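# Geometric and topological summary
Single-letter residue listing:
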Amino acid sequence: MLVLAALYPIYPRRFRWSEQLQRVELLTRQVFWVHIGFIVILLVLQGVLLVGFPRLVLEPNGASTALLVGMLAFWLYRLVAQLFIYDSELWRGRPAHLVVHVVFTLLWVAISAVLGWALLVQLDVVGGSAV
């Protein structure tokens, strides 16, 4: 997640966001940039939490359970978006784009699987010690 956040400065130039956003209304353009900021902050916070404080996330209590459920929902939605919201026209017939699509799909599956497993461990549904 920290690596994903670190990549965000590359995206505006790579995807020509400033140029493309000139064609939309000012409010839409500003909402877009605000939402990008929220996404980066969320990625950094999740990454710091998972890397720096894994025991806090796995500790079985209401707050950590709610946090894991929220994080899992976020990443499952990202997986659903990858598979069903983004139009396949974006990668069909474009081998490099298809590779990126597959890599990110696998990444969202992996993140969701790890968070799902952590939630199951925390809830003592599967074997393993939560803390």
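One can find the structure itself at the top, above this paragraph.
Since the structure is predicted, the reported quantities are computational estimates derived from the model, not experimental observations.

## What about the side chain of Gln 46?
Structurally, the position occupied by Gln 46 is in helix α4 (residues 26-52). If near-sequence neighbours (up to four positions away) are discounted, Gln 46 is found in contact with Met 1, Met 71, Phe 74 and Trp 75.

## A short note on the pattern of salt bridges
A complete count under the given rule lists 1 salt bridge for this structure. Glu 19 serves as the salt-bridge partner of Arg 16, at 3.5 Å between the closest nitrogen and oxygen. Among the residues examined, Glu 19 registers a relative accessible area of 46% and is labelled partly exposed.

## Things to note about unusual backbone geometry
It is generally the case that most residues other than glycine have a negative phi and that most peptide bonds are trans. A positive phi is found at Arg 16, a non-glycine position, where the angle reads about 50°. Here Arg 16 lies in the loop between α2 (11-14) and α3 (17-21). For Arg 16, a relative accessible area of 45% corresponds to the partly exposed category. One non-glycine residue, Asp 124, adopts positive backbone phi at about 60°. Asp 124 sits in the exposed class, given a relative accessible area of 60%.

Conventions and cut-offs
Residues numbered from 1 in each chain as written. Predicted model: local features only at pLDDT ≥ 70, side-chain atom pairs only at ≥ 80, totals over all residues. Heavy atoms only, no water. Helix = DSSP H or I, 4+ residues; strand = E, 2+ residues; numbered from the N terminus. Contact = heavy atoms within 4.5 Å. Salt bridge = Lys/Arg side-chain N within 4 Å of Asp/Glu carboxyl O. Buried < 20%, exposed > 50% of the residue type's maximum accessible area, 1.4 Å probe, protein only.

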